[in-house]
Amino acid sequence: MTTQPTTFAHHLTQDPVPEEVRAAILADPGFGTNFSDHMVKIDWFGDVVAGTGRWSDPRIEPYGPLVLDPAAAVLHYGQEIFEGLKAYRHADGSVWTFRPEANAARLNRSARRLALPELPEAMFLDSLRELVSVDEQWVPDGEGESLYLRPFMIATEAFLGVRPSRQVLYSVIASPAGNYFGGPVKPVDIWLSRDYARAGRGGTGAAKCGGNYAASLVAQIEGEAHGCQQVMFLDRDRGDAVEELGGMNVFFVLGDDTLVTPELTGTILEGVTRTSIIQLARDRGMTVEERRFTLEEWREGWRSGTVTEAFACGTAAVITPIGRLLSAEGTIGDEGARPGTVTMDIRKQLLDIQTGRAEDPHGWLTRLV
Ligand SMILES: *Cc1c(COP(=O)(O)O)cnc(C)c1O
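Residues numbered from 1 in each chain as written. Predicted model: local features only at pLDDT ≥ 70, side-chain atom pairs only at ≥ 80, totals over all residues. Heavy atoms only, no water.

Draft legend 1. Main features of empty space enclosed by the protein. All told, the structure shown has two cavities of 30 Å³ or more when counted by the stated rule. Computed from the structure, the largest cavity encloses a volume of approximately 100 Å³. Every residue lining the largest cavity is listed: Gly84, Leu85, Lys86, Tyr88, Phe98, Asn103, Val272, Thr273, Gly314, Thr315, Val318 and Gln354. Elements represented by at least two residues in the lining of the largest cavity include exactly strand S5 (85-89) and helix H6 (272-283). Of the residues forming the lining of the largest cavity, the biggest block, three residues, is contributed by S5. A breakdown of the residues in the lining of the largest cavity according to their chemical character gives five nonpolar, six polar and one charged. Inspection of the lining of the largest cavity shows a minimum of three residues originating in each of domain 1 (9-177) and domain 2 (188-354). Each pocket or cavity is described by its volume, and for the second largest cavity that value is around 30 Å³. Lining the second largest cavity, in full, are Leu192, Arg299, Leu325, Ser327, Gly330, Thr331 and Ile332. Those elements that place two or more of their residues in the lining of the second largest cavity are strand S16 (318-327) and strand S17 (330-332). The dominant element in the lining of the second largest cavity, judged by the number of residues it contributes, is S17, at three residues. (1 Å grid on protein atoms, 1.4 Å probe; cavity = no way out; pocket = protein on both sides within 12 Å on 5 of 7 lines; lining within 4 Å. Points joined across faces, edges and corners; volume = space filled by probe spheres on them. Helix = DSSP H or I, 4+ residues; strand = E, 2+ residues; numbered from the N terminus. Nonpolar A, V, L, I, M, F, W, Y, C, P; charged D, E, K, R; others polar. Domains from an automatic or database assignment.)

Dropping the structure here:
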């Protein structure tokens, strides 16, 4: 079966961001505060319970507010999912993205969990290609910079009864992104959340949905009050097993040649960055273990020197060394520690592939423009 490319109607803006304003934004993009001139919209009508429905009217529209009925299901019951990936400009001017099929597959896993309709992979890829083609001038070309793409799906049916929405909007917006933490890579301190969980057994931890983020905000506030930029969540039912951060997966380096990351238990989000790091580490001849890794093992390993590095990973910040884990029960890690060499090596290797400076041995890149 051949898939027809999706045809998008173009309703282009009469009022694009002026060139000099765009230039100023691209000179210092920050993260998530500025948006390109257009957005993707595709409607869905159907019934996920009956297994019916279809996607209709794919279009590019001017970037702008959505009109939603105040009774739209997403506003009341949080039926929403999203994705995040980046478009990188390579030295020859072409624009590429990283493993978008993995994001398409994850969007559909999230959709199944939230009783939303699945979007065909080809339509997902076409939507990215279409938006980046129209807004190509919004892809920055500085070191570590990219156009961050945010596909999302929301329940738009005006209905206050509790059941899956029969009307859904899929959309993609794009936001120029700078070098996430700017300047030289510095280890971040992480706060250990004791009072809060972001996900529980049977819940939505493995789905990329807004509700998980809403649930993590109070923990984030607590962490920031302790001078930390991120929060670590544990699974108490599994003996304080390390899970992940609010929006990033975690890895531990044991000695020089073993990498440990928490196994996927259903409460952890399966990051595309995580999967890619596992592959790159194996390519380098490292042993990678996906298993239970407890707070106690981390503390003991840090004391005895067997746990030599820790880092967090995700699309937005790629790989960030973890300096210390702070908590009411004490601290793991040394103040002023420098980024670990294994962490920085893998980080460079991954970034070099994404930005076209190194070969792409696994065919992870897809050209958009
Ligand atoms: C998106 C996300 C990640 C990282 O996933 P990537 O695909 O690597 O960007 C990790 N944890 C959570 C909770 C996330 O939402």
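Okay, back to it.
Draft legend 2. Structural view of the packing of aromatic side chains. One pass over the structure, following the stated rule, counts nine aromatic pairs. Ring centres of phenylalanine 82 and tyrosine 213 lie 5.4 Å apart, and the angle between their planes is 65 degrees; this geometry places the pair in the edge-to-face category. Linking phenylalanine 82 in strand S4 (residues 80-82) with tyrosine 213 in helix H5 (residues 210-225), this pair joins segments that are 131 residues apart in sequence. On the basis of relative accessibility, which here comes to 31%, the residue tyrosine 213 falls in the partly exposed class. Between phenylalanine 98 and tryptophan 364, the aromatic rings sit 5.5 Å apart at their centres with planes inclined by 80 degrees, giving edge-to-face as the arrangement. In this pair, phenylalanine 98 sits in strand S6 (residues 95-98) while tryptophan 364 sits in the loop between helix H8 (341-354) and strand S18 (365-367), placing the two residues 266 residues apart along the sequence. Both residues of the pair, phenylalanine 98 and tryptophan 364, belong to the buried class. One residue, arginine 163, lies across the ring of phenylalanine 159, its end atom 3.9 Å from the ring centre. (Phe/Tyr/Trp six-rings, centres within 6.5 Å; stacked < 30°, edge-to-face > 60°. Buried < 20%, exposed > 50% of the residue type's maximum accessible area, 1.4 Å probe, protein only. Lys NZ or Arg CZ within 6 Å of the ring centre and 35° of its normal.)

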